[in-house]
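Overview (structure and organization)
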Amino acid sequence: MPEETIFSKIIRKEIPSDIVYQDDLVTAFRDISPQAPVHVLIVPNHLIPSVNDVTDDDEAVMGRMMNVARIIAEQEGITESGYRLIVNCGPDGHQDVMHLHMHILGGRDMGFMLSRP
Ligand code: 5GP
């Protein structure tokens, strides 16, 4: 069994967070260290550590995450201005929390997709 992270406690509301959406499959809450005026994380309610651990059985929840990204963009008023969705994976992707999550970033021009080294 993979080890739970702080995100599982947020999903179960055992610790405080600013949850903006929750249903039977996913939870979305504001990032504690926002990198843009809108910075929300969407996570599966059950623990999937990273994209490397996604299975065929997870296709419904993966699809729900994308649909909820659209809903949150509407809630946050950034549908027309645009936004960026990011899913980091593993060391080179700089994934810090091993509970798969999608970042929604918007509310300003997000610049080029990647910094140029
Ligand atoms: P990663 O680098 O793994 O893709 O992103 C992890 C994100 O989780 C970071 O943006 C970080 O600020 C956020 N984060 C880490 N711990 C907490 C927490 O306890 N609460 C909330 N709301 N966000 C967190």
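Residues take numbers from 1 onward in each chain, read along the sequence in its written order. The predicted nature of this model means local features are confined to residues of pLDDT at least 70 and side-chain atom pairs, given and counted, to a pLDDT of 80 or more, with totals for whole chains, interfaces and linings taken over all residues. Each side-chain value is derived from all of the structure's non-hydrogen atoms; neither hydrogens nor water enter the calculation.

1. Things to note about the site of the ligand
Let me state the cut-off plainly: What makes a residue near a molecule or strand is one non-hydrogen atom of that residue sitting within 4 Å of it. Whenever a nitrogen or oxygen atom comes within 3.5 Å of another N or O atom, the pair is scored as a polar contact, on the condition that within protein one atom can donate a hydrogen and the other can accept it, and that pairs from neighbouring residues in sequence are kept only if both atoms are in side chains. Residue burial considers only the protein chains on display, and all accessible areas are found by Shrake-Rupley using a 1.4 Å probe. A pocket, in this scheme, is an open set of points on a 1 Å grid over the protein atoms alone with protein on both sides within 12 Å along at least 5 of 7 lines, while a cavity is a set where a 1.4 Å probe fits but cannot get out; residues line either one if an atom lies within 4 Å of a point. If over half the atoms of a molecule are within 2 Å of the grid points of a cavity or pocket, the molecule is regarded as sitting in it. Strands are runs of DSSP state E lasting at least 2 residues, helices are runs of H or I lasting at least 4, and numbering of each runs from the N terminus. Residue type decides the class: Asp, Glu, Lys and Arg count as charged, Ala, Val, Leu, Ile, Met, Phe, Trp, Tyr, Cys and Pro as nonpolar, and the leftover types, Gly among them, as polar.
Around the ligand sit 16 residues in total, of which Asp31, Asn88, Asp96, His101 and His103 are the nearest. Within the contact set of the ligand, a nitrogen atom lies 3.2 Å away from a backbone nitrogen or oxygen of Ile32. Protein chains bury 82% of the 530 Å² of accessible surface belonging to the ligand in isolation. A molecule is said to occupy a pocket when more than half its atoms come within 2 Å of that pocket's grid points, and by this definition the ligand occupies the largest pocket. Of all the elements in the fold, those that place two or more residues in the shell around the ligand are α1 (6-11) and β2 (26-30). Examining the composition of the shell around the ligand, we find that 3 residues originate from one element, α1, more than from any other. A breakdown of the residues in the shell around the ligand according to their chemical character gives 7 nonpolar, 6 polar and 3 charged.

2. A short note on the layout of surface pockets
The line we're drawing: Grid points are joined across faces, edges and corners, and a volume is the space filled by probe spheres set on the points.
Within this model, the largest pocket holds a volume of roughly 770 Å³. Together, 31 residues line the largest pocket, and Asp31, Gln35, His39, Asn88 and His103 are the ones closest to its centre. Here the lining of the largest pocket gets 3 residues from one element, more than from any other, and that element is α1. Taken together, the residues of the lining of the largest pocket break down into 15 nonpolar, 10 polar and 6 charged.

3. What to know about helix α2 (residues 59-76)
In plain terms, the rule: By this rule the span expected of a helix is its residue count minus one, scaled by 1.5 Å. Partly exposed describes any residue whose relative accessible area lies between the buried limit of under 20% and the exposed limit of over 50%, with all areas from a 1.4 Å probe on protein chains only and scaled to the type maximum. Starting at the helix axis, one direction is taken to each C-beta atom, and the arc is that of these directions.
Given a rise of 1.5 Å per residue, 18 residues ought to cover 26 Å, and the 26 Å separating the end C-alpha atoms of α2 matches this to within 8%. Turning to α2, its buried residues number three or more, namely Val61, Met65, Val68, Ala69, Ile72 and Ala73. Buried residues of α2, viewed axially, fall in a sector of 145°; they line one side. In α2, the exposed residues that point more than 90 degrees away from the buried face are Glu59 and Ala60.

4. With respect to unusual backbone geometry
A positive phi angle is found at Lys13, which is not glycine, with a value near 60°. Tracing the chain through its elements places Lys13 in the loop between α1 and β1 (19-22). Notably, His94 is not glycine yet its phi reads approximately 60°, a positive angle. Along the chain, the position of His94 falls in the loop between β4 (83-86) and β5 (102-106).

5. Quick word on the nonpolar core
Note that soluble globular proteins tend to have their nonpolar side chains buried in a common cluster. Quick reminder of the rule: Think of a nonpolar core as a cluster: buried Ala, Val, Leu, Ile, Met, Phe, Trp, Tyr and Cys residues, connected wherever their side-chain atoms sit within 4.5 Å.
With 18 residues, the main nonpolar core has Tyr21, Val26, Ala28, Val40, Ile42, Ile72 and Ile104 as its most contacted residues. Of the residues forming this core, the biggest block, 6 residues, is contributed by α2. Membership of the second largest hydrophobic core comes to 6 residues, among which are Phe7, Phe29, Leu41 and Val43.

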